[in-house]
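So the chains spell out like this:
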Amino acid sequence: MQPSTSGTTPQHVALALLALSLGSFCIGTTEFASMGILPLIVRDLQVSIPAAGHAISAYAIGVVAGAPLLTMAGARLHRRPFLLLLFFMFIVGNVLSALAPSIEWLIVARFLTGLPHGCYFGAGVVAGAHLVGKSKTGRAVSLILLGLTVANIIGAPAATFAGQVLGWRNTYLLVALFGLAAFGCLWRWLPKSDALKGNPVSQELRGLKTPKAWFLLLIIAIGTSSIFAVYTYIGPMVTDVAHLPAAMIPVA
């Protein structure tokens with residue numbers, strides 16, 4: 001391996017990418033796990049399925065609102081403290097979710113948890129790209145987003161199973177613990193390199209001047225919306241529609 005353009009060693013770069021991928025895993029797990037434990041929330045808080053679904057919608061709204069607002073607010077910040085701040089928000093949001101005494105509290109907590117979601121992926125990908133240099137940007141992005149894929153395949157089913165055994169509140173607490181581990185890895189391994197310095201907001205938004213970028217965003221929005229419209233209620237569909245045992249929800 002050749003030294004990276006950031007001046008850090010290849011080993012440090014690999015660990016930094018691992019830390020960013022772990023962060024992606026944690027965020028993906030809390031996002032998808034909420035859908036698996038929805039029936040548990042309904043039963044514990046004594047609300048309807050649509051009412052509990054508002055908590056998932058609130059998370060999505062937090063993602064949509066937080067991505068542009070936090071990106072613009074933190075554009076000039078160094079990526080290291082910015083990513084640490086985002087993950088601190090993520091941990092606090094999950095702890096508040098676990099402590100929710102009512103559906104209203106849970107909705108607010110999930111909204112707050114969703115705020116750093118999109119911004120983390122944006123800032124994390126930019127940080128990874130700067131660390132490895134232009135020639136290896138694609139590989140760095142794929143490694144960082146690998147955490148999201150693993151979250152969907154392993155993290156969310158495991159978190160759903162944990163919620164069924166330990167209670168839905170412990171699902172969020174476990175995610176918060178994993179988030180704390182990711183925070184520690186980011187603190188330890190993400191370098192203070194000048195390559196991770198922030199940029200002016202105008203530079204961050206430059207890509208939106210391209211019509212193709214907007215067309216791509218539209219395609220992604222439609223595809224993601226269609227998936228989550230079904231995935232949100234995967235729990236009730238398994239138990240109430242298909243009349244299968246709740247143990248099949250993690251499998252589904």
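Higher on the page you've got the structure.
Each residue is numbered by its place in its chain's sequence as written, counting from 1. Given that this is a predicted model, residues contribute local features only at a pLDDT of at least 70 and side-chain atom pairs are listed and counted only at 80 or more, while totals for whole chains, interfaces and linings are drawn from all residues. The basis for the side-chain values is all heavy atoms of the structure; hydrogens and waters are excluded.

## A word on the overall build of the protein chain
Working step 1: Secondary structure counts use DSSP, requiring at least four H or I residues in a row for a helix and at least two E residues in a row for a strand, with both numbered from the N terminus. Along the backbone of the protein chain there are 10 helices and 0 strands.
Working step 2: Scanning the protein chain from its N terminus toward the C terminus, one meets helices and strands in the order α-α-α-α-α-α-α-α-α-α.
Working step 3: The globule rule is 2.2 Å times the number of residues to the power 0.38, and the radius of gyration it is compared with is taken over C-alpha atoms. Against the compact-globule benchmark of 18 Å for 252 residues, the protein chain has a radius of gyration of 19 Å, which places it among compact chains.
Working step 4: With the principal axes as the frame, the protein chain shows a C-alpha extent of 55 × 40 × 30 Å.
Working step 5: Exposure is judged per residue with a 1.4 Å probe applied to protein chains only, and the accessible area is read against the type maximum: over 50% gives exposed, under 20% gives buried, and values in between give partly exposed. When the 252 residues of the protein chain are sorted by exposure, 43% land in the buried category.
Working step 6: It only takes one pair of heavy atoms within 4.5 Å for two residues to be counted as in contact. Counted over contacts in the protein chain with a minimum sequence separation of 6, partners at least 24 positions apart contribute 81%.
Working step 7: Counting only carbon and sulfur atoms, one obtains 73% of the accessible surface of the protein chain, whose full area is about 12700 Å².
Working step 8: Counted charges follow a simple rule, with Lys and Arg positive, Asp and Glu negative, and His plus the chain ends left uncounted. Lysine's charge is taken at NZ, arginine's at CZ, aspartate's at CG and glutamate's at CD. One way to put it: in the protein chain the 15 positive side-chain charges average out to a point 18 Å from where the 6 negative ones average out. In short, Shrake-Rupley with a 1.4 Å probe defines the accessible areas, and a residue's cover is counted only from the protein chains shown.

## As for a nonpolar patch on the surface
Working step 1: Patch membership requires over 30% relative accessible area and the absence of a salt bridge. Like charges are linked within 9 Å, and nonpolar side chains (Val, Leu, Ile, Met, Phe, Trp, Tyr) within 5 Å. Salt bridge, as used here, is a side-chain nitrogen of Lys or Arg placed within 4 Å of a carboxyl oxygen of Asp or Glu. Taken together, the side chains of Phe161, Val165, Leu166, Leu174, Leu177, Phe178 and Leu180 define a hydrophobic patch exposed on the protein surface, amounting to about 700 Å² of accessible area.
Working step 2: Residue assignment for the nonpolar patch shows that the elements contributing at least two residues are α6 (137-166) and α7 (168-189).
Working step 3: At 4 residues, the largest contribution of residues to the nonpolar patch is made by α7.
Working step 4: Residue position: leucine 166 is located in helix α6.

## Thoughts on the packing of helix α3 (residues 49-73) against helix α5 (residues 103-132)
Working step 1: Structural elements are reduced to axes, namely lines fitted to C-alpha atoms, with helices fitted over the stretch in contact, and the angle between N-to-C directions of any two is expressed from 0 to 180 degrees. At a closest axis distance of 6 Å, the pairing of α3 and α5 adopts a crossing angle of 35°. The two elements α3 and α5 cross, and the hand of that crossing is right-handed.
Working step 2: For this classification, the nonpolar set comprises Ala, Val, Leu, Ile, Met, Phe, Trp, Tyr, Cys and Pro, the charged set comprises Asp, Glu, Lys and Arg, and every other residue, Gly included, is treated as polar. For the contact of α3 with α5, a count of residues per class yields 16 nonpolar, 8 polar and 1 charged. Take the far helix as your reference; a near helix turned counterclockwise from it by less than a right angle gives a left-handed crossing, and one turned clockwise gives a right-handed crossing.

## Regarding the pattern of salt bridges
Opposite charge on two side chains permits them to pair, given that their charged atoms come into close proximity.
Working step 1: Tallying each qualifying case throughout the model produces 1 salt bridge.
Working step 2: One salt bridge in this structure joins aspartate 44 and arginine 169, with 3.2 Å as the shortest N-O distance. Here aspartate 44, found in helix α2 (residues 38-45), pairs with arginine 169, found in helix α7; they are 125 residues apart in sequence, far enough to count as distant.
Working step 3: For aspartate 44, a relative accessible area of 40% puts it in the partly exposed group.
Working step 4: Judged by relative accessible area, arginine 169 falls into the partly exposed class, the value being 26%.

## Thoughts on the side chain of threonine 30
Working step 1: Looking at where threonine 30 falls in the secondary structure, it is placed in helix α1 (residues 10-36).
Working step 2: For threonine 30, a relative accessible area of 0% corresponds to the buried category.

## Focus on the packing of α5 against α6
The relative placement of two packed helices comes down to the angle between their axes together with the axis-to-axis distance.
Working step 1: Two elements in contact, α5 and α6, have axes whose closest approach is 8 Å; the angle formed by their N-to-C orientations is 145°. Crossing handedness for the pair α5 and α6: right-handed. Of α6, the residues touching α5 (which contributes Phe121, Gly124, Val125, Gly128, Ala129 and Val132) are Thr137, Ala140, Val141, Ile144, Leu145 and Leu148.
Working step 2: Its residues placed into classes, the contact of α5 with α6 shows 9 nonpolar, 3 polar and no charged.

## Describing the nonpolar core
Working step 1: To form a nonpolar core, buried Ala, Val, Leu, Ile, Met, Phe, Trp, Tyr and Cys residues must be joined to one another through side-chain atoms within 4.5 Å. One finds Leu20, Leu83, Phe87, Tyr120, Leu186 and Leu190 to be the most contacted residues of the largest nonpolar core, which totals 34 residues.
Working step 2: Going through the elements one at a time, α1, α3, α4 (79-98), α5, α6 and α7 are the ones with two or more residues in this core.
Working step 3: Of the residues forming this core, the biggest block, 8 residues, is contributed by α1.
Working step 4: What leucine 190 contacts, discounting residues up to four positions off in sequence, is Ala16, Leu20, Arg79, Arg80, Leu83, Leu131, Cys185 and Leu196.
Working step 5: In terms of nonpolar packing, the next biggest core, distinct from the first, is built from 20 residues, Leu38, Ile41, Ala52 and Ile56 among them.

## Considerations on the state of the cysteines
Working step 1: Pairs of cysteine sulfur atoms within 2.5 Å are identified as disulfides in what follows. Per the counting criterion, the structure on display carries 0 disulfides.
Working step 2: Of all cysteine sulfurs in the structure, the one in cysteine 26 sits closest to cysteine 119, which takes part in no disulfide; the separation is 17 Å.
Working step 3: For cysteine 119, a relative accessible area of 2% gives the class buried.
Working step 4: In this model cysteine 185 remains outside any disulfide bridge; the closest cysteine sulfur is found in cysteine 26, 9.0 Å from its own.
Working step 5: Given a relative accessible area of 18%, cysteine 185 falls into the buried group.

Treat this as a map of the structure, not an account of what it does.
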